[in-house]
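Structural description and commentary
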Amino acid sequence: GWYAEAPRWRSADTVVWVASNGRDVTGLFEAPVTGPVAPVRLARRNGLDVNVPTGGDSTVFAQLDYRNPYEVRSDLYRGEDDDGARITHGARLTQPDVRRDGGIVAIELAAGASHLVRVTARGVITALRTDFTWAEPRWSPDGASIVAVQFLPTGEERIVVVDTLGVLQRVVTG
(Lines give C-alpha, C1' and ligand atoms only; values in the text may rest on other atoms or scores of the structure.)
Protein backbone atom coordinates (compact mmCIF):
# COMPACT_ATOMS: atom_id res chain seq x y z
CA GLY A 1 0.00 0.00 0.00
CA TRP A 2 2.91 2.45 -0.42
CA TYR A 3 2.76 5.04 -3.18
CA ALA A 4 5.52 7.56 -3.85
CA GLU A 5 5.10 10.01 -6.73
CA ALA A 6 6.38 13.16 -8.42
CA PRO A 7 9.89 13.66 -7.01
CA ARG A 8 11.36 17.15 -7.46
CA TRP A 9 14.72 18.64 -6.50
CA ARG A 10 14.49 21.17 -3.68
CA SER A 11 18.23 21.83 -3.67
CA ALA A 12 21.41 20.24 -5.02
CA ASP A 13 21.20 17.44 -2.44
CA THR A 14 17.54 17.32 -1.29
CA VAL A 15 14.39 16.00 -2.93
CA VAL A 16 10.69 16.30 -2.09
CA TRP A 17 7.88 13.96 -3.12
CA VAL A 18 4.33 12.99 -2.19
CA ALA A 19 3.57 9.61 -0.68
CA SER A 20 0.85 7.51 0.88
CA ASN A 21 1.45 4.38 2.91
CA GLY A 22 -2.19 3.33 3.13
CA ARG A 23 -2.38 4.02 6.88
CA ASP A 24 -1.76 7.76 7.19
CA VAL A 25 -3.01 10.77 5.27
CA THR A 26 -1.07 11.42 2.06
CA GLY A 27 1.81 13.79 2.68
CA LEU A 28 4.72 15.80 1.32
CA PHE A 29 8.10 14.32 2.29
CA GLU A 30 11.70 15.49 2.08
CA ALA A 31 15.06 13.72 2.34
CA PRO A 32 18.67 14.33 1.37
CA VAL A 33 20.04 12.16 -1.41
CA THR A 34 23.47 11.98 0.26
CA GLY A 35 23.25 9.56 3.11
CA PRO A 36 20.99 7.32 5.15
CA VAL A 37 18.69 9.95 6.66
CA ALA A 38 15.05 9.10 7.29
CA PRO A 39 12.49 11.08 5.25
CA VAL A 40 10.77 13.95 7.03
CA ARG A 41 7.05 14.58 6.62
CA LEU A 42 6.56 18.26 5.78
CA ALA A 43 2.83 18.60 5.21
CA ARG A 44 -0.50 16.88 4.62
CA ARG A 45 -1.78 16.58 1.05
CA ASN A 46 -5.14 15.46 -0.40
CA GLY A 47 -3.60 13.58 -3.32
CA LEU A 48 -0.45 12.39 -5.05
CA ASP A 49 -0.03 15.37 -7.42
CA VAL A 50 3.32 17.08 -7.91
CA ASN A 51 4.71 19.64 -5.43
CA VAL A 52 7.08 22.09 -7.15
CA PRO A 53 9.67 23.77 -4.88
CA THR A 54 9.73 27.55 -5.45
CA GLY A 55 12.58 28.60 -3.18
CA GLY A 56 12.96 28.26 0.55
CA ASP A 57 10.42 25.86 1.99
CA SER A 58 7.54 26.89 -0.27
CA THR A 59 5.96 24.69 -2.95
CA VAL A 60 3.24 25.08 -5.58
CA PHE A 61 0.89 22.11 -5.72
CA ALA A 62 -2.47 20.96 -7.00
CA GLN A 63 -4.91 19.57 -4.50
CA LEU A 64 -8.37 18.04 -4.70
CA ASP A 65 -11.24 20.00 -3.19
CA TYR A 66 -14.39 18.08 -2.33
CA ARG A 67 -17.18 20.65 -2.73
CA ASN A 68 -19.89 18.12 -1.86
CA PRO A 69 -20.27 14.32 -2.09
CA TYR A 70 -20.73 14.52 -5.87
CA GLU A 71 -18.42 17.35 -6.95
CA VAL A 72 -14.62 17.37 -6.89
CA ARG A 73 -12.34 20.12 -8.18
CA SER A 74 -8.57 20.52 -8.23
CA ASP A 75 -6.96 23.88 -7.55
CA LEU A 76 -3.46 25.28 -7.22
CA TYR A 77 -1.99 26.29 -3.88
CA ARG A 78 1.27 27.84 -2.70
CA GLY A 79 2.44 26.90 0.76
CA GLU A 80 5.11 25.80 3.14
CA ASP A 81 3.09 23.43 5.29
CA ASP A 82 -0.50 22.21 5.74
CA ASP A 83 -1.89 25.74 5.32
CA GLY A 84 -1.43 26.44 1.62
CA ALA A 85 -2.65 29.72 0.16
CA ARG A 86 -5.14 29.08 -2.63
CA ILE A 87 -4.08 30.43 -6.03
CA THR A 88 -7.15 29.36 -8.05
CA HIS A 89 -10.81 28.59 -7.27
CA GLY A 90 -12.71 25.72 -8.95
CA ALA A 91 -10.28 25.74 -11.88
CA ARG A 92 -9.73 21.97 -12.28
CA LEU A 93 -5.95 22.37 -12.54
CA THR A 94 -3.33 19.66 -12.02
CA GLN A 95 0.36 18.86 -12.73
CA PRO A 96 1.79 22.38 -12.21
CA ASP A 97 5.35 23.46 -12.97
CA VAL A 98 6.83 26.79 -11.92
CA ARG A 99 9.27 28.98 -13.84
CA ARG A 100 11.99 30.93 -12.01
CA ASP A 101 9.99 34.17 -12.29
CA GLY A 102 6.95 32.48 -10.69
CA GLY A 103 5.00 31.79 -13.90
CA ILE A 104 3.06 28.54 -13.70
CA VAL A 105 2.14 26.10 -16.45
CA ALA A 106 -0.45 23.43 -15.61
CA ILE A 107 -3.07 21.11 -17.05
CA GLU A 108 -6.71 22.19 -16.99
CA LEU A 109 -9.11 19.24 -16.92
CA ALA A 110 -12.28 19.44 -19.02
CA ALA A 111 -14.94 16.99 -20.16
CA GLY A 112 -13.03 14.41 -22.18
CA ALA A 113 -9.99 16.65 -22.60
CA SER A 114 -7.11 18.44 -20.92
CA HIS A 115 -5.58 21.75 -21.92
CA LEU A 116 -2.28 23.52 -21.35
CA VAL A 117 -2.73 26.74 -19.38
CA ARG A 118 -0.53 29.41 -17.85
CA VAL A 119 -1.38 30.74 -14.40
CA THR A 120 -0.11 33.90 -12.72
CA ALA A 121 0.71 34.10 -9.02
CA ARG A 122 -2.65 35.87 -8.58
CA GLY A 123 -4.55 32.98 -10.19
CA VAL A 124 -5.27 34.49 -13.61
CA ILE A 125 -5.57 31.58 -16.07
CA THR A 126 -4.61 31.94 -19.74
CA ALA A 127 -5.36 28.99 -22.03
CA LEU A 128 -2.57 28.29 -24.51
CA ARG A 129 -3.52 27.94 -28.19
CA THR A 130 -3.30 24.17 -28.36
CA ASP A 131 -5.43 21.33 -29.64
CA PHE A 132 -5.45 17.73 -28.46
CA THR A 133 -5.06 16.45 -24.91
CA TRP A 134 -2.03 17.16 -22.73
CA ALA A 135 -0.08 15.96 -19.67
CA GLU A 136 3.08 16.62 -17.65
CA PRO A 137 4.07 20.15 -18.76
CA ARG A 138 7.54 21.37 -17.74
CA TRP A 139 9.24 24.73 -18.28
CA SER A 140 12.56 24.77 -20.10
CA PRO A 141 15.53 25.94 -17.97
CA ASP A 142 15.43 29.39 -19.61
CA GLY A 143 11.62 29.64 -19.32
CA ALA A 144 11.16 30.34 -23.04
CA SER A 145 9.40 27.07 -23.92
CA ILE A 146 7.41 24.19 -22.48
CA VAL A 147 7.87 20.46 -23.00
CA ALA A 148 4.81 18.26 -22.53
CA VAL A 149 3.14 14.99 -23.47
CA GLN A 150 0.64 15.45 -26.30
CA PHE A 151 -2.07 12.83 -26.90
CA LEU A 152 -3.24 12.61 -30.52
CA PRO A 153 -6.71 11.39 -31.60
CA THR A 154 -5.02 8.33 -33.17
CA GLY A 155 -3.97 7.14 -29.71
CA GLU A 156 -0.35 8.18 -30.24
CA GLU A 157 1.48 9.94 -27.43
CA ARG A 158 4.40 12.20 -28.23
CA ILE A 159 6.79 14.53 -26.47
CA VAL A 160 6.63 18.03 -27.94
CA VAL A 161 8.04 21.49 -27.31
CA VAL A 162 5.69 24.49 -27.50
CA ASP A 163 6.42 28.18 -27.03
CA THR A 164 4.88 30.24 -24.21
CA LEU A 165 1.73 30.77 -26.31
CA GLY A 166 1.30 27.04 -26.98
CA VAL A 167 2.47 27.08 -30.60
CA LEU A 168 4.14 23.78 -31.55
CA GLN A 169 7.89 24.28 -32.03
CA ARG A 170 9.23 20.73 -32.27
CA VAL A 171 8.17 17.12 -31.99
CA VAL A 172 10.84 15.39 -29.89
CA THR A 173 9.54 11.84 -30.22
CA GLY A 174 6.33 9.95 -30.73
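Definitions and limits used
Residues numbered from 1 in each chain as written. Predicted model: local features only at pLDDT ≥ 70, side-chain atom pairs only at ≥ 80, totals over all residues. Heavy atoms only, no water. Helix = DSSP H or I, 4+ residues; strand = E, 2+ residues; numbered from the N terminus. Buried < 20%, exposed > 50% of the residue type's maximum accessible area, 1.4 Å probe, protein only. Pairing = 2+ DSSP bridges. Axes fitted to C-alpha atoms, helices over the stretch in contact; angles between N-to-C directions. Phe/Tyr/Trp six-rings, centres within 6.5 Å; stacked < 30°, edge-to-face > 60°. Lys NZ or Arg CZ within 6 Å of the ring centre and 35° of its normal.

**Considerations on the environment of Gly112**
Position of Gly112 relative to the elements: it lies in the loop between β10 (104–110) and β11 (113–119). Among the residues examined, Gly112 registers a relative accessible area of 82% and is labelled exposed. Taking C-alpha positions, Gly112 is 29 Å from Gly27, a pair spaced 85 residues apart along the chain.

**Focus: the sheet that holds strand β4 (residues 40–44)**
Strand order in the open sheet formed by 4 strands is β1-β2-β3-β4, and the pairing between neighbours is antiparallel. At either end of the open sheet lies a strand with only one pairing partner, and these are β1 (3–11) and β4. Adjacent strand axes in the sheet meet at a mean angle of 25° when their direction is disregarded. As paired elements, strand β2 (residues 14–20) and strand β3 (residues 27–32) share 6 bridges and run antiparallel to each other.

**Side note on the packing of aromatic side chains**
A complete count under the given rule lists 3 aromatic pairs for this structure. Taking the centre distance of 6.4 Å and the plane angle of 55° together, the rings of Trp2 and Phe29 count as tilted. Taken together, the residues Trp2 in the segment before β1 and Phe29 in strand β3 connect sequence positions 27 residues apart. We classify Trp2 as exposed; its relative accessible area is 51%. When its relative accessible area of 13% is taken as the criterion, Phe29 is described as buried. Ring geometry for Trp17 against Phe29: centres 6.2 Å apart, planes inclined by 20°, an arrangement best described as stacked. Taken together, the residues span a long stretch of sequence, with Trp17 in strand β2 and Phe29 in strand β3 at a distance of 12 residues. Residue classification places Trp17 among the buried residues on the basis of a relative accessible area of 15%. By the ring-pair criterion, three or more aromatic residues cluster together here, those being Trp2, Trp17 and Phe29. Just above the ring of Phe61 sits the side chain of Arg45; from NZ or CZ to the centre is 3.6 Å. In this structure, Arg99 is placed above the aromatic ring of Trp139, and the distance from its NZ or CZ to the ring centre is 4.3 Å.

**Observations regarding the sheet that holds β11**
Hydrogen bonds between backbone groups are what pair the strands of a sheet, and the pairing can be parallel or antiparallel. Reading across from one edge, β9-β10-β11-β12 is the order of the 4 strands in this open sheet, with antiparallel pairing throughout. Single-partner strands in this sheet number two, and they are β9 (93–98) and β12 (125–127). Geometrically, the sheet is characterised by an average inter-axis angle of 30° between neighbouring strands, direction not taken into account. Looking at chain direction, β9 and β10 are connected through 4 bridges and run antiparallel. Paired with Leu93 across the two strands is Glu108, which belongs to β10.

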